[in-house]
Amino acid sequence: MNVIKVIIVDDSAVVRQVLSALLNAASGITVTHAVANPLLAIERMKVQWPDVIVLDVEMPKMDGITFLRKLMVEHPTPVVICSTLTEKGAQTSVEALTAGAVSIITKPRLDLKQFLHDSADELVSAVRAAAAAHVGKLAPRPSPAPLAPLPPPLTVKLNADVILPPMDARPMTATTERVVAIGTSTGGTQALEEVLSALPRVSPGIVVVQHMPEKFTAAFAARLDSVCQVRVKEAENNDRVLQGQVLIAPGGKHMLLRRTGAQYFVEVVDGPLVNRHRPSVDVLFRSAARAAGANALGVIMTGMGDDGAAGMLEMLNAGARTVAQDEASCVVYGMPKEAVKRGGVEKSVPLNAIYREILLQL
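So, here's what we can say about the structure. Remember, predicted model here, so these are calculated numbers, not experimental data.

**Quick notes on the packing of helix α1 (residues 13-24) against helix α6 (residues 120-132)**
So, step 1. Put simply, α1 and α6 touch, their axes get as near as 10 Å, and they point 70 degrees apart. Between α1 and α6, the crossing angle belongs to the class labelled roughly perpendicular. Packed against α1, whose contacting residues are Leu19, Leu22 and Leu23, the element α6 presents Ala120, Leu123, Val124 and Val127 at the interface.

In structure tokens, the structure reads:
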């Protein structure tokens, strides 16, 4: 196995020291340089180009976003954003992710050293996922939108049973109210922007799980709302699923689809990680199978891992239509591949054709 070469770019000496130690301790990863700003990184990269860059956003001499945009135009390279977890940081990181980064590792302003040690598994997983990503598919866009981080792995991998039981009744027959459930992870923020910005104002009601940390989903939803004809918002408990509206599951919470009479709404709940994620695509898809049955379309898009594969099969068995993003257009062909392997996907289509599948739900 080839060793993953990493450059760390962060103006904090503590962050550089801790991240270097954590990554060098992981098998198959080596930190070749840890520097204080992008200008120094550019000099080091002339000698040896890295496989992955771990990048802060707010730095002197050149900010991370300017560096990232330059990088993605001249020499696309996988980038993991290491950003402070504040509202301001979230908005800035969303902009960086739109510029082409692969994922986010969040860091607090206090107890930084302890936090980074506690997040070692998340950091290592994010770097390995970034090294496998097809970043040429993350061409920077004129304006910002984010991408998915990987949560820390658990020793026990829980499934959707910990949030709601499997469906035990007959699937619902088709009615006039329709809903679209979308699940995505690594590479998903830009993929979602491409799909949602192609939709007209009159579109089916859509619910989305994008793997993303707390505090980032609100900024992500606001970013999408600014570039889409449909309304996009971070979901709140009991929000109605309406035509022309997209509800994004909040980071750190699960989102379930519910039905009362002829109306759909979402329930936002706490709970353990499912498939190592919260929100989990499997939880959303299972709830869509139970609440909507043949009235639903399930869409699984680019992402690492298998979250959503089991839930998509449940949706298909409940009479829903199911679509996966094809391998050629995925940044990481993990989640769609697993869904196809398990038999839950009716058809695979390129990213630029997914919006047409959604409009068939009208």
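**Structural notes on the pairing of strand β7 (residues 205-210)**
In summary, the side chains of a regular strand alternate between the two faces of the sheet.
So, step 1. Among the six residues in β7, six count as buried, and that is most of the element.
So, step 2. Burial of β7 is two-sided: the residues Gly205, Val207 and Val209 facing one way and the residues Ile206, Val208 and Gln210 facing the other way are all buried.
So, step 3. Taken together, the six bridges between strand β6 (residues 179-184) and β7 define a ladder with parallel strand orientation. Bridging from a neighbouring strand, Gly183 pairs with Val209 of β7.
So, step 4. Of the crossover connections in this fold, the one passing from β6 over helix α7 (residues 188-197) to the parallel β7 is right-handed.
So, step 5. Two elements, β7 and strand β9 (residues 245-248), share three bridges in a ladder whose sense is parallel.

**A few points about the sheet that holds strand β5 (residues 103-107)**
So, step 1. Spatial ordering of the open sheet is given by β2-β1-β3-β4-β5, a layout of five strands whose pairing is parallel. If you trace the sheet from one side to the other, it starts and ends with β2 (29-35) and β5, each paired once. Between one strand axis and the next, the sheet turns through 20 degrees on average, direction left out of account.
So, step 2. Of the strands in this sheet, β3 (52-55) and β4 (79-84) are in contact with helix α3 (residues 64-74), which crosses β3 at around 160 degrees.
So, step 3. Sheet contacts for α6: β1 (4-9), β2, β3, β4 and β5; angle to β5, the most-contacted strand, approximately 160 degrees.

**Thoughts on α1**
So, step 1. Here α1 contains twelve residues, and its C-alpha end-to-end distance of 16 Å stays within 8% of the 16 Å for a straight helix at 1.5 Å per residue.
So, step 2. Taken as a whole, α1 has its buried residues at Val15, Arg16, Val18, Leu19, Ser20, Leu22 and Leu23.

**Section: the environment of Glu194**
So, step 1. Structurally, Glu194 is set in helix α7.
So, step 2. In the structure, Glu194 is positioned 158 residues away from Asn352 in sequence and 7.4 Å away in space, judged by C-alpha atoms.

**A short note on the side chain of Thr92**
So, step 1. By the secondary structure assignment, Thr92 is in helix α4 (residues 87-98).
So, step 2. For Thr92, a relative accessible area of 17% puts it in the buried group.
So, step 3. Residues contacting Thr92, with those up to four places away along its chain left out, are Val57 and Ile65.

**Some points on the sheet that holds strand β12 (residues 296-300)**
So, step 1. The strand order across the open sheet built from seven strands is β8-β9-β7-β6-β12-β13-β14, with neighbouring strands paired in parallel fashion. Every other strand in the sheet has two partners, leaving β8 (231-234) and β14 (347-349) as the edge strands with one partner each. Ignoring which end each strand starts from, the neighbouring axes of this sheet average 20 degrees apart.
So, step 2. With respect to the sheet, helix α8 (residues 216-227) is in contact with β7, β8 and β9, its orientation differing from that of β8 by roughly 175 degrees.
So, step 3. Taken strand by strand, helix α9 (residues 281-291) contacts β6, β7 and β12, and its axis lies near 160 degrees from that of β6.

**Thoughts on the pairing of β1**
So, step 1. For β1, a buried count of five out of six residues is recorded, marking the element as mostly surrounded by other parts of the structure.
So, step 2. Judged from the six bridges that link them, β1 and β2 form a sheet pairing that is parallel. Residue pairing across strands places Lys5 opposite Thr30, the latter belonging to β2.
So, step 3. Running through α1, the crossover from β1 to the neighbouring parallel element β2 is right-handed.
So, step 4. In terms of strand pairing, β1 meets β3 through four bridges, oriented parallel.

What counts and what doesn't
- Residues numbered from 1 in each chain as written.
- Predicted model: local features only at pLDDT ≥ 70, side-chain atom pairs only at ≥ 80, totals over all residues.
- Heavy atoms only, no water.
- Axes fitted to C-alpha atoms, helices over the stretch in contact; angles between N-to-C directions.
- Helix = DSSP H or I, 4+ residues; strand = E, 2+ residues; numbered from the N terminus.
- Parallel < 35°, antiparallel > 145°, perpendicular 65-115°, else oblique.
- Contact = heavy atoms within 4.5 Å.
- Buried < 20%, exposed > 50% of the residue type's maximum accessible area, 1.4 Å probe, protein only.
- Pairing = 2+ DSSP bridges.
- Right-handed = clockwise from strand over helix to strand, strands pointing away.
- Expected span 1.5 Å × (residues − 1).

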